[in-house]
Amino acid sequence: NAGVMQNPRHLVRRRGQEARLRCSPMKGHSHVYWYRQLPEEGLKFMVYLQKENIIDESGMPKERFSAEFPKEGPSILRIQQVVRGDSAAYFCASSLRDFANEQFFGPGTRLTVL
Amino acid sequence: DAKTTQPTSMDCAEGRAANLPCNHSTISGNEYVYWYRQIHSQGPQYIIHGLKNNETNEMASLIITEDRKSSTLILPHATLRDTAVYYCIVRAAGSARQLTFGSGTQLTVLP
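Structural notes, computed from the coordinates. Source: prediction; values computed, not measured.

## Brief notes about the overall build of chain B
- The helix and strand inventory of chain B stands at 0 helices and 9 strands.
- Secondary structure elements in chain B, listed N-terminal to C-terminal, are β-β-β-β-β-β-β-β-β.
- Whereas a compact globule of 111 residues would reach a radius of gyration of roughly 13 Å, chain B reaches 13 Å, a difference of no more than 12%.
- If you line up chain B on its principal axes, its C-alpha atoms span 40 × 30 × 25 Å.
- Of the roughly 5,500 Å² of accessible surface on chain B, a fraction of 48% belongs to carbon and sulfur atoms.
- A distance of 5 Å separates the average location of the 9 positive side-chain charges in chain B from that of its 9 negative side-chain charges.

Okay, here's the thing in structure tokens:
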């Protein structure tokens with residue numbers, strides 16, 4: 001049973017470009033969470049999605065960031081017009097149900113903005 | 001969710017028990033204590049959780065004081081692969097979906 005998959009593992013973008021981060025949850029999981037970890041800091045919650053619905057985006061920056069989890073395919077975290085401050089590790093987690101005790105994390109995508 | 005306080009870092013000798021403390025003095029009656037760890041450059045990994053009774057699984061034991069204001073995660077026989085940042089998280093049942101990570105404890109297991 002494959003775990004949570006994220007790709008790419010490393011992504012380099014120049015300022016002003018767009019970054020697309022993909023997350024495939026564990027098989028059977030329909031709940032996805034995105035977290036961001038800035039250098040030398042703890043993980044911060046960004047957004048929680050269920051299939052085709054954004055449930056809680058209280059941790060998402062108001063501009064340039066968006067997330068989706070379509071009926072088919074992976075969840076996507078999209079960052080438009082990236083800036084150097086967006087450089088971070090972005091982790092996706094999935095769970096089997098709402099309010100689950102255990103969230104399963106992927107290996108992360110490390111975004112570097114030049 | 002209640003705030004947690006953990007030591008910044010700890011060392012442990014390989015093969016010995018690692019005892020990681022966590023203070024959560026403002027914990028509410030419906031809040032659980034969760035432990036996750038993050039090995040360098042990897043995603044966090046769930047370890048264990050509990051409400052008020054002591055819990056044990058294949059990875060660790062969780063001891064929660066009777067007043068629930070503090071807890072201790074015990075790794076009974078630490079190995080080098082247990083070197084990681086350990087996060088103690090308090091989360092209300094049924095009302096908080098996300099995990100709120102603090103700064104955690106950097107555990108270094110020494111050979």
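Still more to cover.
## Observations concerning the sheet that holds strand β4 (residues 45–50) of chain B
Residues and elements named next belong to chain B.
- The mixed open sheet is built from 5 strands, whose spatial order is β1-β9-β8-β3-β4. At either end of the open sheet lies a strand with only one pairing partner, and these are β1 (9–13) and β4. If you compare each strand with its neighbour and ignore which way they point, the axes differ by 25 degrees on average.
- Taken together, the 5 bridges between β1 and strand β9 (residues 105–110) define a ladder with parallel strand orientation. Looking across to β9, one finds that Asp 11 is bridged to Thr 108.

## Points about the pairing of strand β11 (residues 109–113) of chain A
All names here are of chain A.
- Burial of β11 is extensive: 4 of the 5 residues sit out of reach of the surface.
- Sheet topology places strand β9 (residues 88–95) next to β11; 3 bridges connect them, and they run antiparallel. Looking at β11, one finds that Tyr 90 is bridged to Thr 109.

Criteria and thresholds
Per chain, the residues get numbers from 1 upward, laid out in the order the sequence is written. A letter from A marks each chain and a number from 1 marks each ligand, given out in the order of writing. In keeping with the predicted nature of the model, local features appear solely for residues at pLDDT of at least 70, side-chain atom pairs appear and are counted solely at 80 or more, and the whole-chain, interface and lining totals rest on all residues. Excluding hydrogens and water, the side-chain figures rest on all heavy atoms present in the structure. Strands are runs of DSSP state E lasting at least 2 residues, helices are runs of H or I lasting at least 4, and numbering of each runs from the N terminus. C-alpha atoms define the radius of gyration, and 2.2 Å times the number of residues to the power 0.38 defines the globule rule. Accessibility throughout is a Shrake-Rupley quantity obtained with a 1.4 Å probe, and a residue counts as covered only by protein chains that appear here. Positive residues here are Lys and Arg, negative ones are Asp and Glu, while His and the chain termini are left out of the count. To locate a charge, take NZ of a lysine, CZ of an arginine, CG of an aspartate or CD of a glutamate. Only strands that DSSP links by at least two bridges are regarded as paired with each other. As a rule, the C-alpha atoms of each element are fitted with a line to give its axis, helices using only the stretch in contact, and angles between N-to-C directions run from 0 to 180 degrees. We call a residue buried when its accessible area falls under 20% of the maximum for its residue type, exposed when it is over 50%, and partly exposed in between, using a 1.4 Å probe and counting protein chains only.

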